[in-house]
Amino acid sequence: MNLEALFFYAFTTLALGGATLAITRRSAVHAAISLMVSLLGVAGLYLLLNAEFLFVAQIILYIGGILLLFLFVIMLVNLDAGRGLRQFHQRWPLGAAVTVIAGVAFAILWSRAVLPPAQTMPDVGNVELVADTLLQDYLVPFEVVSLLLLVAVVGSVLLARKRA
Amino acid sequence: MHYVAVSLAMLLIGTAGLLTRRNIVIILMSIELILNAVNINLVAFSRHHGNAAGQVFAIFVIAVAVAEAAVGLGILLALFRNRETVQVDEVDLLKW
Amino acid sequence: MSHFYTDVDHFALLPAILLAFFGCAVFLFDFLLGERSRRWQLALVLPGLAMTGWHLWKQGQIAPFTAFHGAITIDAFGLFFNWLFLLTAALVALISYRYLEIEEEHQGEYYGLVLMAQAGAYFLAVGTELITIFVGLETMSLSFYVLVGFLRRSRRSNEAALKYLILGAFSSGILAYGFSILYGIAGSTYLSDIAMAVAARPAFDPLTVLAILTVSAGILFKISAAPFHMWAPDAYEGAPTAVTAYLAVGSKIASLALLLRLFLGPLGTAREAWEPLLILAAIASLTVGNLAAVTQTNAKRLLAYSSIAHAGYLLLGLVAGNATGLQGIAIYTGAYVFMTIGAFLVLMAVHGEEIEDLNGFARRHPGYAVPMVVFLLSLAGLPPTAGFLGKYYIFLALIESGRYVLALVGAAYVAVALFYYFRLVRSMFLLPAIEVERPQASSLGLRVALGATGLVTLGAGIYPEPFLQLAMRSLLK
Amino acid sequence: MPWLTALLALPLVGLIVLLAIPGTARNAVRMWANAVLLGGLALALPLWQAFDRAASGYQFVDRMPWIPTLGAQFLLGIDGISLLLVLLTSLLGPIAALASWNAIEERTKEFYAMLLLLQFGMLGLFLSLDLLLFFVFFEVVLVPMYFLIGIWGGERRLYAAIKFFLYTLAGSVVLLLGIIALYWQGGLQLAQPTFEIAELLKLQLPLDAQRWLFWAFFVGFAIKVPMVPFHTWLPDAHTEAPTAGSVLLAGVLLKMGTYGFVRISLPLFPEAAREAAPILAVLSIVAILYGALISLMQQDWKRLVAYSSVSHMGFCTLGLAALNSNGIAGSVLQQINHGISTSLLFLLVGYIYERRHTRQIADFGGLAIGMPRFAFVFAVAVFSSAGLPLLNGFIGEFTILQGAFIVNRAWAAFAVFGIVLGAAYLLWLYQRTMLGDVRNEANRGLPDLSLREWATVLPLLLLALAIGVYPKPWFAVLERPVLDIAGRLAR
């Protein structure tokens, strides 16, 4: 087994294991920590895929930003006081069944999928490549995403601020 | 394409979490898992096709994830304020 | 300007820039002036919309053209939907003013978010590149999540927003997964490239099918078609009524634009794979929407279920797949904007949400009750109203393409729809009022909007020719 | 201004002016509405003189573009069949309005507004020669009738109103699909797709298409008539409606269904009609007998009249099912007759209800003693409805029987049995209410017909007598169009 495969399986285990734990833990704090493990694993996969920029972005944005947000809210609303309550809602078998059916169908379709022939990456650094693509071909979404973030900021401030 | 399988597994775990859990914070985390599944796909295809479009897409997906999490948690806080003594777990929203 | 950002690019982006600019201006005024900014809000929003309209009109003079290497295509299709967004936003802005005062949530952010949502929707109509579309969709959706939860002190509003956000984000995730597959198929995010790649694949290619499944699930969610409709009744009921109107109209037709863009564009060659899916979704929507609406006691919920049924009719237009079907969709959506906003604005005037609250309303306020009858007849699809024309075209398209059974199913549900719509009429006209006068959320803006929606709904039914001409020119590509 | 357009526009203009009158000025509202409807009658009556009986095709045609994109026109015109129905509508409108003068105390303005809107819809339906326009008017009448029943109706008005609306609507959506399909077929064959009936008559429809279309139109019209399996809305609607509503419902609205058969189904789909004729005939005979038997059992005066409508409309559809000129001419005339006699019956029931506030037959008896004039008018109405010679009902039913007899003797035989039953329940009704001693003191000293009430019943009485004694001019009007239709059917 070569080194890359080893890393792949290691990161996959982290990603999927963390994800499974995240959705099954009773405590929200534990779930958040499992989620962090999972996201780290995904970051590792990005590294294996030569996406260094995303690897950094994943760690800084997700683990630094989003998870912190989650933990902050969990502390604020003291979720763990509700630990004794039911963790799954009543119709969970229905949700699980939908997931399983979709999973089987998707797996079958994927197993028969044929991708177009592979191409090689241009021989420039990943960050330069991403930057070029982003600013040349994807200028519009780059501009629109500023609106998105503005809405998110205004919205979350509006909703979370104390009553006037 | 092993990465695609990882992505699918991630998607399903996220979906399962979203459809079965009651805790809203964990449901929001499930959405993050789903978006990560999308990103694994995008980055894997990006390498397969030899262009960076997928990675750029993934950046935007991360931005969207940040925005959704921020607004989602903002709404959660507003809700919590309105029912201070009540546990968030009891907000049995996803009944259908 | 650099070659990254040419004059044409700027011209194509201008309406969105204007919307964003005025949206930011509203945010800023509110921040700087606080209470004093109130009277300026509409004075910012309406001119902003007017300027946007002016630029849409100028775009129409030279359309079709593409910008940003094909990421944006300004064509008759996109312009048509953008005009509808513009009308919707203007009507919503007009009817919101007094409502927000009564709810004591009168804040500038509201109008800013309305404009931001419209800016996002702009890219759903003209975007021809997946990332642009996705970011535009999310901008719109996020604005709506916040708007639904705008009554921060109302628990129902919070819960509705949270539920809407969770299911909306879920559907966005599924949609993004579908987009990732489309990127996997083509190696590009531009719709033109994807179209070629999909066309080169065999029928029922597994990857294409996967993409269709996930993309259609995501978009059906957004247009609240069954079986992905479960968020709609709660979100509609919990949201402030003005937002419910915006949600029912703006969000739905923007997502419909995306649906058409994708399923007639890049996925058009895979029709045999998605047509059965959409037929099922259409029938399910008609059934769930119409049958569930019958038992509702809350007027907003009733309209929510009925809007699920309307999604079904719109899908039938796409299923028919001929030029008549597309005209039908254009006419239907055009009528839908006016009749739906009209119905919601009357509910706002009543300032009540239960059907009982309407009891005896016609005696006290015939000026609102009579137009409401017109809106409801139109929603049900009876002549001589605009809604009849939409249904007429959809049925014609189905018959032309030999889908008689679907036409019959669609027609049969008209009678069911009339039954529950007329429960509102029954309350207003036939039942005695049970309590004292409620505060009536009437205002100049509301009356202007009522006049406009009423006139169009009835006028387009009695003399439809100009409206048909407009719709014909817009969707025939 | 063109004649028919003016005739159609009058109630609408009247309605708009009415809205400007303050609702508190009840008498002004009443007078205005009556004046408008009488004006309409004055405008319609000269048509009878001006109408050219020898000419084939449509007369007084007004043609204006309406929706060129669809090929729909604003196209009005009449032939002998629609002439009679337009005249009937123009006559019953003012009668219904006048009959409501004292009956409607509440929401008077809205009531007359609905009446005018209803008149507009009814006239439009009989005048339009464009299918889409026809359909629009087919639906337009539903809304005012819904309100007439729902606001000013009896105890179960809410139920009856929505039941009426839903039944008719369910039929009309199928009718719409039929119209669309016909339009589409027309688009395949004609240079320009159109809704114009005269153009669509030129189509060569394959039998298969004819069948589908015939049955689609059938559902729409049969519910409106109503033919037997679809009749259950009628007793409720009639019983609960206010007098004016019942009069117009029975007198005019039911005819929309039979008129649809004559105007559209029979001439456009002759082969399918020939195939379907036995089914139509059987349904008609069932309606005749079933309606009559149920009428025999009724305890409620108005409900009895309502069920008698089912029976009498059965004659109209039986005449159509005969597919020959006798049957069709008899059917059209019988539609007019039914409009006259049933309206009379409903008016009289309404007047007695205003006096006694009950409709139970058992509560009455011996009314003839205190109200001789009322009893006289009621007698004429009953005889007319039962089809006694020298009155209008006899002529219509006799012609229909002739037509049916030519095709199938059994049909005629069953129908004759229906006439006997009809005479039975009507005369029994008369005996129980008018004759004998006054058993109930409340029935003593009731005021007889007032001048206003006389004004509403007299024109109908005279018409009933005129048609019965000298039917020739009426058949003369019908001859051309009926022969045209019968000719198409015989081909």
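Residues numbered from 1 in each chain as written. Chains lettered and ligands numbered in written order. Predicted model: local features only at pLDDT ≥ 70, side-chain atom pairs only at ≥ 80, totals over all residues. Heavy atoms only, no water.

### Points about the overall build of chain C
Part 1 of the reasoning: Along the backbone of chain C there are 19 helices and 2 strands.
Part 2 of the reasoning: A compact globule built from 477 residues should have a C-alpha radius of gyration of about 23 Å, and chain C, at 21 Å, falls within 12% of that.
Part 3 of the reasoning: Scored against the burial criterion, the 477 residues of chain C give a buried share of 72%.
Part 4 of the reasoning: Working note: accessible area of chain C is about 13,300 Å², and carbon and sulfur atoms make up 67% of it. (Helix = DSSP H or I, 4+ residues; strand = E, 2+ residues; numbered from the N terminus. Rg over C-alpha atoms; globule rule 2.2 N^0.38 Å. Buried < 20%, exposed > 50% of the residue type's maximum accessible area, 1.4 Å probe, protein only. Areas by Shrake-Rupley, 256 points an atom, 1.4 Å probe, with all protein chains shown as cover.)

### Observations regarding the overall build of chain A
Part 1 of the reasoning: Along its length, chain A carries 6 helices and 0 strands.
Part 2 of the reasoning: Helices and strands in chain A line up, N terminus first, as α-α-α-α-α-α.
Part 3 of the reasoning: Looking at the 164 residues of chain A, the share that counts as buried comes to 41%.
Part 4 of the reasoning: Long-range pairs, those at least 24 residues apart, make up 58% of the contacts in chain A with a sequence separation of at least 6.
Part 5 of the reasoning: When the accessible surface of chain A is split by element, carbon and sulfur atoms take 70% of a total near 8,500 Å². (Contact = heavy atoms within 4.5 Å.)

### Topic: the interface of chain B and chain C
Part 1 of the reasoning: Counting residues at the interface gives 40 residues for chain B and 36 residues for chain C.
Part 2 of the reasoning: Across the chain B/chain C interface, buried area totals approximately 3,300 Å², and carbon plus sulfur atoms make up 79% of it.
Part 3 of the reasoning: Put simply, chain B and chain C have 0 salt bridges between them.
Part 4 of the reasoning: For the side of chain B that touches chain C, the elements supplying multiple residues, two or more each, are α1 (2-20), α2 (24-49) and α3 (53-82) of chain B. (Buried area = accessible area lost by both parts, 1.4 Å probe. Salt bridge = Lys/Arg side-chain N within 4 Å of Asp/Glu carboxyl O.)

### Focus on a nonpolar patch on the surface
Residue and element names in this part refer to chain C.
Part 1 of the reasoning: Taken together, the side chains of Leu28, Phe29, Phe31, Leu32 and Trp40 present a nonpolar region at the surface, about 600 Å² in accessible area.
Part 2 of the reasoning: Ranked by residues supplied to the nonpolar patch, first place goes to helix α1 (residues 7-33) with 4 residues.
Part 3 of the reasoning: Counting through the fold element by element, Phe31 comes out in helix α1. (Patch = residues over 30% accessible without salt bridge, like charges linked within 9 Å, V, L, I, M, F, W, Y side chains within 5 Å.)

### Considering the nonpolar core
Part 1 of the reasoning: Counting residues in hydrophobic clusters, the biggest one holds 510 residues, and the most contacted among them are C:Phe263, C:Tyr392 and D:Trp301.
Part 2 of the reasoning: Ranked by residues supplied to this core, first place goes to α3(B) with 20 residues.
Part 3 of the reasoning: Residues from two domains meet in this core; each of domain 1 (1-82) and domain 2 (122-164) of chain A gives at least three.
Part 4 of the reasoning: The residues touching D:Trp301, leaving out its near neighbours within four places in the chain, are D:Val349, D:Ile352, D:Arg359, D:Ile361, D:Phe364, D:Leu367, D:Phe374, D:Phe378, D:Leu429, D:Thr433 and D:Met434. (Core = buried A, V, L, I, M, F, W, Y, C linked by side-chain atoms within 4.5 Å. Domains from an automatic or database assignment.)

### Overview of the interface of chain B and chain A
Part 1 of the reasoning: The interface is formed by 72 residues belonging to chain B together with 84 residues belonging to chain A.
Part 2 of the reasoning: For the pairing of chain B and chain A, the buried interface totals around 6,900 Å² over both sides, and the portion due to carbon and sulfur atoms is 74%.
Part 3 of the reasoning: Linking chain B with chain A are 0 salt bridges.
Part 4 of the reasoning: In this structure, the connection of chain B to chain A is made through 9 residue pairs in polar contact (both at pLDDT 80 or more).
Part 5 of the reasoning: Elements with a minimum of two residues in the side of chain B that touches chain A: α1, α2 and α3 of chain B.
Part 6 of the reasoning: Sort the elements by how many residues they give to the side of chain B that touches chain A and α3(B) lands first, with 24 residues. (Polar contact = N/O pair within 3.5 Å; in protein donor to acceptor, adjacent residues only side chain to side chain.)

### Topic: helix α2 (residues 28-48) of chain A
All names here are of chain A.
Part 1 of the reasoning: In this model, α2 (21 residues) spans 30 Å end to end at C-alpha, consistent with the 30 Å of a helix rising 1.5 Å per residue.
Part 2 of the reasoning: The backbone nitrogen of Val29 lies 3.1 Å from a side-chain oxygen of the residue at the head of α2, namely Ser27.
Part 3 of the reasoning: Of the residues flanking the end of α2, it is Asn50, one or two places downstream, whose phi is positive at about 65°. (Expected span 1.5 Å × (residues − 1).)

### Brief notes about the domain arrangement of chain A
Size of an interface: often given as the accessible area lost when the parts come together.
Part 1 of the reasoning: When cut into domains, chain A gives domain 1 (1-82) and domain 2 (122-164).
Part 2 of the reasoning: Each of domain 1 of chain A and domain 2 of chain A has a C-alpha centre, and these two points are 22 Å apart.

### Some words on the pairing of strand β1 (residues 59-67) of chain D
Residue and element names in this part refer to chain D.
Part 1 of the reasoning: Pairing geometry for β1 and strand β2 (residues 72-78), over 6 bridges, is antiparallel. Paired with Met64 across the strands is Phe74, a residue of β2.
Part 2 of the reasoning: The hairpin turn running from β1 into β2, its antiparallel successor, is 4 residues long, and Gly71 in that turn takes a positive phi close to 85°. (Pairing = 2+ DSSP bridges.)

### Some remarks on the pattern of salt bridges
Part 1 of the reasoning: For the coordinates displayed, the defined rule picks out 27 salt bridges over all chains.
Part 2 of the reasoning: C:Lys300 serves as the salt-bridge partner of C:Glu353, at 2.9 Å between the closest nitrogen and oxygen. Note that C:Glu353 is positioned in the loop between α13 (323-350) and α14 (361-364) and C:Lys300 in helix α12 (residues 299-320), a separation of 53 residues in sequence.
Part 3 of the reasoning: Classification of C:Lys300 by relative accessible area gives buried; the value is 1%.
Part 4 of the reasoning: The partner of D:Arg303 in a salt bridge is D:Asp236, with the nearest N and O atoms 3.6 Å apart. With D:Arg303 in helix α13 (residues 301-322) and D:Asp236 in helix α10 (residues 233-240), the pair connects residues that are 67 residues apart, well separated along the chain.

### With respect to the packing of helix α16 (residues 386-400) of chain C against helix α7 (residues 157-189) of chain D
Part 1 of the reasoning: Contact pair α16(C) / α7(D): the axes reach a minimum separation of 10 Å and the direction vectors enclose 55°. When the axis of α16(C) is compared with that of α7(D), the two are oblique. Handedness of the crossing formed by α16(C) with α7(D): right-handed. Mapping the contact onto sequence places C:Phe388, C:Tyr392, C:Phe395, C:Leu396, C:Ile399 and C:Glu400 in α16(C) and D:Leu176, D:Leu177, D:Ile180, D:Ala181, D:Tyr183 and D:Trp184 in α7(D).
Part 2 of the reasoning: A class-by-class count of the residues in the contact of α16(C) with α7(D) yields 11 nonpolar, no polar and 1 charged. (Axes fitted to C-alpha atoms, helices over the stretch in contact; angles between N-to-C directions. Parallel < 35°, antiparallel > 145°, perpendicular 65-115°, else oblique. Left-handed = near helix turned anticlockwise from the far one by under 90°. Nonpolar A, V, L, I, M, F, W, Y, C, P; charged D, E, K, R; others polar.)

### Focus on the pairing of β2(D)
Part 1 of the reasoning: Most of β2(D) sits inside the fold, with 7 of its 7 residues counted as buried.
Part 2 of the reasoning: Side-chain alternation along β2(D) places D:Ala72, D:Phe74, D:Leu76 and D:Ile78 on one buried face and D:Gln73, D:Leu75 and D:Gly77 on a second face that is also buried.

### Section: α13(C)
Residue and element names in this part refer to chain C.
Part 1 of the reasoning: Taking 1.5 Å of rise per residue, 28 residues should cover 40 Å, and α13 covers 41 Å from first to last C-alpha, within 8% of that figure.
Part 2 of the reasoning: Among the 28 residues in α13, 27 count as buried, and that is most of the element.
Part 3 of the reasoning: Looking one or two residues beyond α13, the residue adopting positive phi is His351, at roughly 55°.

### Quick notes on the arrangement of the chains
Part 1 of the reasoning: The assembly contains 4 pairs of chains in contact; the pair sharing the most contacts is chains A and B.
Part 2 of the reasoning: At their nearest point, the C-alpha atoms of chain A and chain D are still 37 Å apart, with no contact between the two.
Part 3 of the reasoning: At their nearest point, the C-alpha atoms of chain B and chain D are still 31 Å apart, with no contact between the two.

### Observations concerning the packing of aromatic side chains
Part 1 of the reasoning: Per the stated rule, a full pass over the model turns up 60 aromatic pairs over all chains.
Part 2 of the reasoning: Aromatic side chains C:Tyr392 and D:Phe195 sit 6.3 Å apart centroid to centroid with 55° between the ring planes, which places their arrangement in the tilted category. A residue pair is termed interchain when its members come from two chains, as with C:Tyr392 in helix α16 and D:Phe195 in the loop between α7 and α8 (197-200). Here C:Tyr392 and D:Phe195 have matching classes, each one buried.
Part 3 of the reasoning: Sitting above the plane of the D:Trp428 ring, D:Arg432 keeps its charged end 3.7 Å from the centroid. (Phe/Tyr/Trp six-rings, centres within 6.5 Å; stacked < 30°, edge-to-face > 60°. Lys NZ or Arg CZ within 6 Å of the ring centre and 35° of its normal.)

### Observations concerning the confidence of the model for chain C
Part 1 of the reasoning: Residues at a pLDDT of 70 or more form 97% of chain C, whose mean pLDDT is 90.
Part 2 of the reasoning: Looking at the elements of chain C, mean pLDDT is at its lowest for helix α19 (residues 465-475) of chain C, recorded as 82, and at its highest for helix α5 (residues 130-148) of chain C, recorded as 95. (pLDDT = per-residue confidence, 0-100.)

### Considerations on the environment of D:Gly370
Residue and element names in this part refer to chain D.
Part 1 of the reasoning: Tracing the sequence through the fold places Gly370 in helix α15 (residues 367-370).
Part 2 of the reasoning: Overall, the relative accessible area of 36% leaves Gly370 in the partly exposed class.
Part 3 of the reasoning: A C-alpha to C-alpha distance of 19 Å links Gly370 and Arg452, two positions 82 residues apart in sequence.

### Concerning the environment of C:Ala195
Part 1 of the reasoning: Structurally, C:Ala195 can be placed in helix α7 (residues 191-200).
Part 2 of the reasoning: Considered as a pair, C:Ala195 and C:Leu406 are 211 residues apart in the sequence and their alpha carbons are 29 Å apart.

### Overview of unusual backbone geometry
Part 1 of the reasoning: Cis geometry marks the peptide bond from C:Ala226 to C:Pro227; its omega dihedral reads 0°.
Part 2 of the reasoning: For C:Pro227, the location among the structural elements is in the loop between α8 (206-222) and α9 (231-238).
Part 3 of the reasoning: The step from D:Val225 to D:Pro226 runs through a cis peptide bond, and the omega angle for that step is -10°.
Part 4 of the reasoning: By the secondary structure assignment, D:Pro226 is in the loop between α9 (207-224) and α10.
Part 5 of the reasoning: Positive phi, normally seen in glycine, also occurs at C:Phe68, with a value near 55°.
Part 6 of the reasoning: Mapped onto the elements, C:Phe68 comes out in the loop between β1 (65-67) and β2 (72-74).
Part 7 of the reasoning: Of note in the backbone geometry, C:Ser224 takes a positive phi value of approximately 50° without being a glycine.
Part 8 of the reasoning: Turning to its location among the elements, C:Ser224 is positioned in the loop between α8 and α9.

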